[in-house]
Amino acid sequence: EAQVTQNPRYLITVTGKKLTVTCSQNMNHEYMSWYRQDPGLGLRQIYYSMNVEVTDKGDVPEGYKVSRKEKRNFPLILESPSPNQTSLYFCASRPSSGNTIYFGEGSWLTVV
Amino acid sequence: GNSVTQMEGPVTLSEEAFLTINCTYTATGYPSLFWYVQYPGEGLQLLLKATKADDKGSNKGFEATYRKETTSFHLEKGSVQVSDSAVYFCALSALGNMLTFGGGTRLMVKP
């Protein structure tokens, strides 16, 4: 089954404690991306990747890092989380030649 | 850069009322346009899409037409149901990137 898998789905953490949200897709897609969803602001792109070792900033990259060492994985790293990074995070992927985009189920992150 | 603007909500309607949610966009080139829906407590679901000018996307009674001349992709439904209560997102996809979303419009349908 084609899917994008994110982990963890729910996390409460403390300010400054590094965390990683993993994202994996089983469709051999070139493009992957991270979004955060906040009330009234919709979904804003954090980072995206067009292929292995190719990443670029989205609209709100501050405080986040990503890596794309393998095609299937695109982890989101919060080196020193802060309360303003409390949000719902979505990972997504699509093939380079198509426009059907697959989303993960979302990760609820709370930073206290 | 690319951007999507959609009407702010919440939009509150009675059951069987006509729905329009406005969406306009700014993009270079010829983007594909999408409407996504998010039901309470759930993730994003693709509702419909259109990939070129004058295309009409439709699904579950919802429709939207890609209007290049007005850079719009308004969502419509002739008769809404309580089960349509959700947040609706307009989005575009352009070459070299993924999706750019609008701010979302919450729809509440009352019996």
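Keep in mind the model is a prediction, meaning the values are calculated, not measured. (Residues numbered from 1 in each chain as written. Chains lettered and ligands numbered in written order. Predicted model: local features only at pLDDT ≥ 70, side-chain atom pairs only at ≥ 80, totals over all residues. Heavy atoms only, no water.)

Enquirer: Is there a simple way to think about the layout of surface pockets in this case?
Expert: One water molecule sets the probe size; rolling that probe over the atoms shows where empty space is left. When its volume is computed, the largest pocket comes out at roughly 580 Å³. Lining the largest pocket are 27 residues, and of these Gln 37 and Pro 39 of chain A together with Gln 38, Val 87 and Arg 106 of chain B sit closest to its centre. Contributions of two or more residues to the lining of the largest pocket are made by β4 (31-38) and β9 (87-94) of chain A together with β10 (86-93) and β12 (105-110) of chain B. Its boundaries defined by the atoms lining it, the second largest pocket holds a volume of some 340 Å³. What lines the second largest pocket is a set of 19 residues, among which Val 4, Tyr 102, Phe 103, Gly 104 and Glu 105 of chain A lie closest to the centre. Mapped by element, the contributors of at least two residues to the lining of the second largest pocket are β1 (4-7) and β10 (102-103) of chain A together with β6 (45-50) of chain B. The dominant element in the lining of the second largest pocket, judged by the number of residues it contributes, is β1 of chain A, at 4 residues. Looking at side-chain class alone, the lining of the second largest pocket contains 8 nonpolar, 8 polar and 3 charged residues. (1 Å grid on protein atoms, 1.4 Å probe; cavity = no way out; pocket = protein on both sides within 12 Å on 5 of 7 lines; lining within 4 Å. Points joined across faces, edges and corners; volume = space filled by probe spheres on them. Helix = DSSP H or I, 4+ residues; strand = E, 2+ residues; numbered from the N terminus. Nonpolar A, V, L, I, M, F, W, Y, C, P; charged D, E, K, R; others polar.)

Enquirer: What should I look at first to understand the environment of Gln 6 of chain A in this one?
Expert: Residue and element names in this part refer to chain A. Topologically, Gln 6 is positioned in strand β1. Considering only alpha carbons, one finds Gln 6 and Glu 53, 47 residues apart in sequence, at a separation of 20 Å. In this structure Gln 6 touches Thr 22, Trp 34, Tyr 89, Phe 90, Cys 91, Gly 104, Glu 105, Gly 106 and Ser 107, once residues within four positions along its chain are discounted. Of the polar contacts made by the side chain of Gln 6, one reaches the backbone nitrogen of Cys 91; its length is 2.9 Å. (Contact = heavy atoms within 4.5 Å. Polar contact = N/O pair within 3.5 Å; in protein donor to acceptor, adjacent residues only side chain to side chain.)

Enquirer: What should I look at first to understand the packing of aromatic side chains in this one?
Expert: Each aromatic ring pair is characterised by the separation of its centres together with the angle its planes make. The full count for this structure, using the stated rule, is 11 aromatic pairs over all chains. By way of ring pairs, the aromatic residues Tyr 35, Phe 90 and Phe 103 of chain A together with Phe 34, Tyr 36, Phe 89 and Phe 101 of chain B are connected into one cluster. (Phe/Tyr/Trp six-rings, centres within 6.5 Å; stacked < 30°, edge-to-face > 60°.)

Enquirer: Help me understand the environment of Glu 69 of chain B in this model?
Expert: All names here are of chain B. By the secondary structure assignment, Glu 69 is in the loop between β8 (62-65) and β9 (75-77). On the basis of relative accessibility, which here comes to 59%, the residue Glu 69 falls in the exposed class. Residues Glu 69 and Ala 53, 16 residues apart in the sequence, show an inter-C-alpha distance of 8.7 Å. (Buried < 20%, exposed > 50% of the residue type's maximum accessible area, 1.4 Å probe, protein only.)

Enquirer: Can you walk me through unusual backbone geometry in this structure?
Expert: Most of the time, phi is negative for any residue but glycine, and the peptide bond is trans. The linkage connecting Asn 7 of chain A with the following residue, Pro 8 of chain A, adopts the cis geometry, with an omega of 0 degrees. Tracing the chain through its elements places Pro 8 of chain A in the loop between β1 and β2 (10-13). Of note, the amide linkage connecting Gly 9 of chain B to Pro 10 of chain B takes the cis form, showing an omega dihedral of 0 degrees. You will see that Glu 16 of chain B, though not glycine, has its phi angle at about 75 degrees, which is positive. Of note, Glu 16 of chain B is situated in the loop between β2 (11-14) and β3 (19-21). One non-glycine residue, Lys 60 of chain B, lies in the positive phi region at around 55 degrees. As for its placement among the helices and strands, Lys 60 of chain B is situated in the loop between β7 (56-59) and β8.

Enquirer: Looking at this structure, I do not really get the pairing of strand β6 (residues 54-57) of chain A. What am I missing?
Expert: Successive side chains on a regular strand alternate, one facing one side of the sheet and the next facing the other. Residue and element names in this part refer to chain A. Judged from the 4 bridges that link them, strand β5 (residues 42-51) and β6 form a sheet pairing that is antiparallel. What sits directly across from Tyr 47, in β6, is Lys 57. Counting the residues that bridge the hairpin from β5 to β6 gives 2 residues, and of these Glu 53 lies at a positive phi of roughly 65 degrees. (Pairing = 2+ DSSP bridges.)

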